[in-house]
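Examination of the molecular architecture
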Amino acid sequence: AGQELLSQRMRENKWTWATVPDTLPEYWAYGVLDTCLTALAFEHLRPLVPSQAYEREMAVLSVRYGADRRGLRIDVPYTENLLAEWTQEADELRSLLQAKGIQNPGSSHQVTLHLRAAGWEPSEFTDKGNVKLDKVVLNALREHYGDVAEPLIRYRRITDWCSTYLRPFLRERDDNDRVHANINTMGARTGRKSVTSPPLQTLPSKGSGGVIRNCILPYTDKEVIYSVDYAQMEPCITAHYSNDDALIAAINRGEDMYLYCATVIHGPDKAEELRPKYKVVLLSKLYGAGDEGIAAKLGVPVAEVTGLMNNLKARFPKLFLLMDSIEHQAKVRLAVEGRAYVTTSGGRQVVGDEDTLYALTNYLIQGSAADIMKDGIIAVACAGLSDNIMVPVHDEILFSFPKGTAAAQAATAQDAMQDLTGFKVPLRCDVT
């Protein structure tokens, strides 16, 4: 009713939201309802949220607000030059692919038709029945259809980076060349953050995406950017909850979990070669993927994935007992309490769907990772470095420190983020 009254007055007087008088009674009768509804929702929902979780979120919101206000300083000449360079390269790649008969390289349908004509038979399809032609599939096609797959992968990568990062950096910067991203501290069901406008949560890693990260400058020319990044957070959390003595001991020794698994099963000679496969197999399984899906991701026969999985089950049975126990407990909770959930390390309940209870293992690991990251942010703030935080990305925090004290302050941030208790394995951070 309040909205209708306000809309009527605005129509009669041809007001917009920019010109409606702020003394208009109907304006406040409508506007105040947001506050009233929020207060009612808070009164109803607050008792359902553990105090520890609530206080954590409020503390992180305070730090996030400061980072939002400061924004990210963009190197405009560098970004403009990189955009021009990649635009030209994309034009050349598009011409190359058009010469092969693919007029629109962005069209999966046209690419599929071309590859089928060359003898390719797709084996993966989307829920809508379309041929799946994502990065994983294209990587698998490199061996036999490299003349199309190689330029197409590069074309899609740089056009995506231009539209996702470079153009938004230039378009959305303020008069001081700063981009104020939207940091949503509860951006996912698990409690993980998301960073949008631009989507910095998907910012490419330091290795492959260094050219993108170079678009971001420290706050001033007298400062330098440091990254403090939790090392192998998901494997550490997995080892903690699995209670597997061998994995816990390996991580305590500072070993890479995936390399350790490959070494134990196949010996040191083949470990490096097989590490990437064990990483994909283990993480995909924890996320609820089946052997067929993992095989497609790796571009290998299903039998090979099944063999890798059997190796893991034989040597690290507690990993799989963890998944089974979580799903069993979820079924009990669903029957007794009416909802299936897991409780993260930070005391939050993450609820799953009845038809995908297998996903709760992922929710436990991702949700606990979210709690750890937020506790790390709070610890950094308590160490007096809140104003140096630029943005959280993945499991890392980007800082801007004065050049003269940067190394010492980065070490302080590292110590603060690592000083979290209650886990069977150490939570280590890398500093770069």
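A few points on the structure. Bear in mind the structure is a predicted one, so any value in this text is a computation, not a measurement.

What counts and how
Residues numbered from 1 in each chain as written. Predicted model: local features only at pLDDT ≥ 70, side-chain atom pairs only at ≥ 80, totals over all residues. Heavy atoms only, no water. Helix = DSSP H or I, 4+ residues; strand = E, 2+ residues; numbered from the N terminus. Contact = heavy atoms within 4.5 Å. Areas by Shrake-Rupley, 256 points an atom, 1.4 Å probe, with all protein chains shown as cover. Lys, Arg positive; Asp, Glu negative; His and termini not counted. Charge placed at Lys NZ, Arg CZ, Asp CG, Glu CD. Salt bridge = Lys/Arg side-chain N within 4 Å of Asp/Glu carboxyl O. Core = buried A, V, L, I, M, F, W, Y, C linked by side-chain atoms within 4.5 Å. Buried < 20%, exposed > 50% of the residue type's maximum accessible area, 1.4 Å probe, protein only. Patch = residues over 30% accessible without salt bridge, like charges linked within 9 Å, V, L, I, M, F, W, Y side chains within 5 Å. Pairing = 2+ DSSP bridges. Axes fitted to C-alpha atoms, helices over the stretch in contact; angles between N-to-C directions. Parallel < 35°, antiparallel > 145°, perpendicular 65-115°, else oblique. Left-handed = near helix turned anticlockwise from the far one by under 90°. Expected span 1.5 Å × (residues − 1). Bend = angle between axes of the 7 residues up to and from the residue.

1. Looking at the overall build of the protein chain
- What the protein chain contains, in helices and strands, is 16 helices and eleven strands.
- Each of the three principal axes of the protein chain carries a C-alpha extent, and together these read 75 × 60 × 55 Å.
- Put simply, of all contacts in the protein chain between residues at least 6 apart along the chain, 62% involve residues at least 24 apart.
- Of the roughly 22100 Å² of accessible surface on the protein chain, a fraction of 52% belongs to carbon and sulfur atoms.
- Here the protein chain contributes 47 positive and 55 negative side-chain charges, whose respective centroids are spaced 0 Å apart.

2. So, the pattern of salt bridges
- Considering all chains together, one arrives at 23 salt bridges under this definition.
- Put simply, Asp 91 and Arg 94 hold a salt bridge, and the shortest N to O gap is 2.8 Å. Of this pair, Asp 91 and Arg 94 both sit in helix α4 (residues 76-99), three residues apart, roughly one helical turn.
- Residue Lys 277 is joined to Glu 304 by a salt bridge in which the shortest nitrogen-to-oxygen separation is 2.6 Å.

3. Description of the nonpolar core
- Residues Tyr 230, Leu 247, Leu 312, Phe 316, Val 380 and Phe 399 are the most contacted members of the largest nonpolar core, which totals 56 residues.
- Leave out the neighbours within four places in its chain, and Tyr 230 touches Ile 372, Met 373, Gly 376, Asp 395, Met 417, Leu 420, Leu 427, Arg 428 and Cys 429.
- With 31 residues, the next largest nonpolar core counts Leu 93, Phe 169, Leu 170 and Met 390 among its residues.

4. Remarks on a nonpolar patch on the surface
- On the surface, Val 32, Leu 33, Leu 37 and Leu 40 cluster together into a nonpolar patch covering about 370 Å² of accessible area.
- Relative to the helices and strands, Leu 37 resides in helix α2 (residues 25-45).
- The class of Leu 37 is exposed, set by a relative accessible area of 55%.

5. Observations regarding the sheet that holds strand β11 (residues 429-431)
- A sheet is described by the order of its strands in space; here four strands give the open sequence β9-β10-β6-β11, paired in antiparallel fashion. Of all strands in the sheet, those with a lone pairing partner are β9 (389-393) and β11, marking the two edges. The mean angle between the axes of side-by-side strands here comes to 20°, regardless of whether they run parallel or antiparallel.
- Pairing of β9 with strand β10 (residues 396-402) involves four bridges; the strand directions are antiparallel. If you follow Ile 389 over to β10, its bridge partner there is Phe 399.

6. Some details on the environment of Leu 138
- Take Leu 138: it is sitting in helix α6 (residues 135-171).
- In this structure the C-alpha to C-alpha distance between Leu 138 and Ala 359, which are 221 residues apart in sequence, comes to 27 Å.

7. What about the packing of helix α8 (residues 233-242) against helix α15 (residues 360-382)?
- With their axes 10 Å apart at the nearest point, α8 and α15 run at an angle of 115° to one another. As judged from the angle between their axes, α8 and α15 are roughly perpendicular. The chirality of how α8 crosses α15 is right-handed. Of the residues in α15, those touching α8 at Met 233, Glu 234, Ile 237, Thr 238 and Tyr 241 are Leu 364, Ile 365, Gln 366, Ser 368, Ala 369, Ile 372 and Met 373.

8. Comments concerning helix α11 (residues 268-286)
- For α11, spanning 19 residues, the distance from its first C-alpha to its last is 25 Å, which sits close to the expected 27 Å at 1.5 Å a residue.
- If you look at α11, its biggest bend is around 55°, right at Leu 274, and the proline Pro 276 turns up within four residues after that.
- Among the residues of α11, Ala 271, Leu 274, Tyr 278, Val 281, Leu 282, Leu 283, Ser 284 and Leu 286 are the ones counted as buried.
- Directly after α11, the chain includes Gly 288, whose backbone phi takes a positive value near 95°.

9. Some points on the pairing of β10
- β10 sits mainly inside the fold: six of its seven residues count as buried.
- By the bridge criterion, seven bridges tie strand β6 (residues 223-230) to β10 in an arrangement that is antiparallel. The partner of Ile 225 across the bridge, within β10, is Ser 400.
- In sequence, β9 turns back onto β10 through a hairpin of two residues, with His 394 there showing a positive phi of about 55°.

10. Examining the side chain of Arg 333
- Tracing the backbone shows Arg 333 in helix α14 (residues 317-337).
- At 4.4 Å, Glu 337 is the nearest oppositely charged side chain to Arg 333, a buried residue that forms no salt bridge.
- Apart from residues no more than four positions distant in its own chain, Arg 333 is found in contact with Gly 338, Arg 339, Ala 340, Tyr 341 and Val 342.

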